[in-house]
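Descriptive structure summary
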Amino acid sequence: MPTHCRILLVDDHEFLLRGLRAFFERQPDCEVAGDCGSAEEALPLIDTLKPDVVVMDVDLPGMDGIEATAAIRARWPATRVLMLSGQMRAKSLPDQVRRSVLAGADGFVSKADGIECFEPAVRAVMAGRGYFSPEAALDLIRRIRSVEETAAPRAVLSERERDVLQRLSEGASYKAIASEMDLSVKSVETFRVRGMRKLGLATREDLVRYARQPGLTRA
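Figured I'd write up the structure that's included with this text.

The rules behind each value
Counting restarts for each chain, with residues numbered from 1 along the sequence as it is written. Thresholds applied to this predicted model are a pLDDT of at least 70 for local features of residues and 80 or more for the giving and counting of side-chain atom pairs; totals over whole chains, interfaces and linings are not thresholded and use all residues. Side-chain numbers come from the whole structure's heavy atoms, not from hydrogens or water. Partly exposed describes any residue whose relative accessible area lies between the buried limit of under 20% and the exposed limit of over 50%, with all areas from a 1.4 Å probe on protein chains only and scaled to the type maximum. Segments assigned H or I by DSSP are reported as helices when at least four residues long, segments assigned E as strands when at least two residues long, and all are numbered from the N terminus. Any two strands with at least two DSSP-identified bridges between them are counted as paired. Handedness rule for crossovers: strands pointing away from the viewer, path from the first strand over the helix to the second running clockwise, crossover right-handed. Note on terminology: a nonpolar core comprises buried Ala, Val, Leu, Ile, Met, Phe, Trp, Tyr and Cys residues joined through side-chain atoms within 4.5 Å. When checking whether two residues touch, look at their non-hydrogen atoms; a contact exists if any pair is within 4.5 Å. Here a polar contact means two N or O atoms within 3.5 Å. Within protein one must be a hydrogen donor candidate and the other an acceptor candidate, and residues neighboring in sequence count only if both atoms are side-chain atoms. To get an axis, a line is fitted to the C-alpha atoms, and for a helix only the part in contact is used. The angle between two axes follows their N-to-C directions and goes from 0 to 180 degrees. For classification purposes, an angle smaller than 35 degrees is called roughly parallel, one larger than 145 roughly antiparallel, one from 65 to 115 roughly perpendicular, and anything else oblique. Throughout, the ten residues Ala, Val, Leu, Ile, Met, Phe, Trp, Tyr, Cys and Pro are labelled nonpolar, Asp, Glu, Lys and Arg are labelled charged, and all others, Gly among them, are labelled polar.

1. Remarks on the pairing of strand E1 (residues 5–10)
Here E1 lies mainly inside the structure; 5 of its 6 residues are buried. The pairing of E1 with strand E2 (residues 30–36) spans 6 bridges and is classified as parallel. The residue bridging leucine 8 from the neighbouring strand is glycine 34, located in E2. For the handedness criterion, the β-α-β arrangement of E1, helix H1 (residues 14–25) and E2 is classed as right-handed. Here E1 pairs with strand E3 (residues 53–57) via 4 bridges, running parallel. Its bridge partner lying in E3, leucine 8 is registered against valine 54.

2. Notes on the nonpolar core
Ranked by internal contacts, the top residues of the largest apolar core, which has 23 residues, are Leu8, Val10, Ile46, Val54, Met56, Ile72 and Met83. Elements that contribute at least two residues to this core include exactly E1, E2, helix H2 (39–49), E3, helix H3 (65–75), strand E4 (80–85) and helix H4 (93–103). Considering every element that reaches this core, the biggest residue donor is H2, with 5 residues. Once residues within four sequence positions are removed from consideration, valine 54 is found in contact with Leu8, Val10, Ile46, Ile72, Thr79, Arg80, Val81 and Leu82. Counting residues in hydrophobic clusters, the runner-up holds 20 residues, among them Leu82, Cys117, Val122 and Met126.

3. Observations regarding the side chain of serine 85
Here serine 85 shows up in strand E4. Here the side chain of serine 85 touches glutamine 96 through a polar contact of 2.7 Å, side chain to side chain.

4. Considerations on the packing of helix H7 (residues 159–169) against helix H10 (residues 204–211)
Where H7 meets H10, the axes come as close as 9 Å, and the angle between the chain directions of the two elements is 100 degrees. Classed by the angle they form, the pair H7 and H10 counts as roughly perpendicular. From H7, Leu165, Leu168 and Ser169 reach across to H10, where they touch Arg204, Leu207, Val208 and Ala211. Within the contact of H7 with H10, the residues separate by chemical class into 5 nonpolar, 1 polar and 1 charged.

Written as structure tokens, this is what we have:
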């Protein structure tokens, strides 16, 4: 972390603001440049105070912290944003993490993790590594796996399998496909069986429904 890292604290809970300010002021290489209770107050302060890191609560009155993060990323791309949430174990966690990442947040921490987590979190985002609380990191891993597992069947088709299935979904006969692709009817059947097995499809009707989704992607 650079010497005298400048931090702007944004939270609508005065007690937490005081605690965070006292904590960071005890760090020899940190300087709390300012604090405020809303995104509307924070954005003008960034122009004035030029903080290195903004510690931003997700749930703010008016514009929420995630919307503010997107605005910061657009206007001050060098400014790091560490999101702060009190909802880490609530049902809103997945959406908060997803929206924060898409908005450009550099990290995501929980108020439940304890104030001591903020020092390594700020150091990590300043170093460009990012920082996510265990619950947030676990949610990201689950989401990545879910996306990969969903996308994997589309990605494993060979070019021949993809072309055969595409033509079948459009209503072409085995004989017509064989003639068009310069294959035997038996080869067409082989590519159909392999492709549908990879996609987890059982019938031609399943294939037609699948083909209506975006693309039978080639490997």
